[in-house]
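The lines below spell out each chain.
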Amino acid sequence: MKKKLTFEIELDENHLPVNIEMISSDGAANEKNIKTLMISAWAAQTKEALRIDLWTKDMPVHDMFIMYHQTMTGMAISLEKATGNERLAGALRDYCDFFAEQTEIKG
């Protein structure tokens, strides 16, 4: 079975993103008002991360901080699940706490 996840990016006259939509082939993950998109993929042959980072012109900086915090926290969880390395995952969680304090997104 194959499924498709598509992102449609609406650009302004200067080719800056103004809206991002996500459409899944089964309709389970459709979202019409995405403000930022970060995709990472591992190229096994060249052993490098391929990345796409986009954000709309109206993405508030405070919301960007929250999105980064949630993304890094999720990465800590994934790191621990994928590798079993609790120490490194804990260090990343510690940084997430520091990040939240510095950006004043969490009390």
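See the structure above.
The rules behind each value
- Along each chain, numbering runs from 1 in the same order as the chain's sequence is written.
- Side-chain atom pairs in this predicted model are given and counted only at pLDDT of 80 or more, local residue features only at pLDDT of at least 70, and totals for whole chains, interfaces and linings cover all residues.
- Note that the side-chain values use all heavy atoms of the structure and ignore hydrogens as well as water.
- For two strands to be treated as a pair, DSSP must find no fewer than two bridges joining them.
- Helix and strand definitions here come from DSSP, where helices need a minimum of 4 consecutive H or I residues and strands a minimum of 2 consecutive E residues; each element is numbered from the N-terminal end.
- Here, a salt bridge means any Lys or Arg side-chain nitrogen found within 4 Å of an Asp or Glu carboxyl oxygen.
- Burial classes follow relative accessibility: with a 1.4 Å probe on protein chains only, a residue under 20% of its type's maximum area counts as buried, one over 50% as exposed, and anything between as partly exposed.
- Pairs of residues are marked as contacts when any of their non-hydrogen atoms sit within 4.5 Å.
- Aromatic rings from Phe, Tyr and Trp, taking only the six-membered ring of Trp, are treated as a pair when their centres fall within 6.5 Å; an angle between ring planes under 30 degrees marks them as stacked, one over 60 as edge-to-face, and anything in between as tilted.

Quick look at the pairing of strand 4 (residues 36-43) now. It is a general feature of regular strands that their side chains alternate between the two faces of the sheet. Strand direction decides the pairing type here: strand 4 and strand 5 (residues 48-55), joined by eight bridges, are antiparallel. Residue pairing in the sheet places T36 in a bridge with W55 of strand 5. The antiparallel hairpin formed by strand 4 and strand 5 contains four residues in its connecting segment, where K47 sits at a positive phi of about 55 degrees.

This brings us to the pattern of salt bridges. Using the criterion set out here, one finds five salt bridges in the structure. Here K3 makes a salt bridge to D26, at a shortest N to O gap of 2.9 Å. With K3 in the segment before strand 1 (5-11) and D26 in the loop between strand 2 (17-24) and strand 3 (31-34), this pair connects stretches of sequence that are 23 residues apart. A salt bridge links D58 to K35; the shortest N-O distance between them is 2.9 Å. You can see D58 sitting in the loop between strand 5 and helix 1 (61-83) and its partner K35 sitting in the loop between strand 3 and strand 4, a full 23 residues away along the chain.

Here we come to the environment of C96. As for its placement among the helices and strands, C96 is situated in helix 2 (residues 86-103). Given a relative accessible area of 2%, C96 falls into the buried group. A C-alpha to C-alpha distance of 25 Å links C96 and K57, two positions 39 residues apart in sequence. Residues contacting C96, with those up to four places away along its chain left out, are H69, M72 and T73.

Our next topic: unusual backbone geometry. Phi is positive for H15, close to 65 degrees, though the residue is something other than glycine. Examined against the element boundaries, H15 turns out to sit in the loop between strand 1 and strand 2. Of note in the backbone geometry, K47 takes a positive phi value of approximately 55 degrees without being a glycine. You can see K47 is positioned in the loop between strand 4 and strand 5.

Summed over all chains, the structure comprises three aromatic pairs. Plain terms: the ring middles of F65 and F99 are 6.2 Å apart, the flat faces sit at 85 degrees to each other, and that makes the pair edge-to-face. Placement of F65 in helix 1 and of F99 in helix 2 is noted, with a sequence separation of 34 residues between them. With a centroid separation of 6.2 Å and 50 degrees between ring planes, the pair formed by Y95 and F99 is classed as tilted. Placement of the pair is Y95 and F99 together in helix 2, with a separation of four residues, close to one helical turn. Among the residues examined, F99 registers a relative accessible area of 12% and is labelled buried. One aromatic cluster is present, formed by F65, Y95, F98 and F99 through successive ring pairs.

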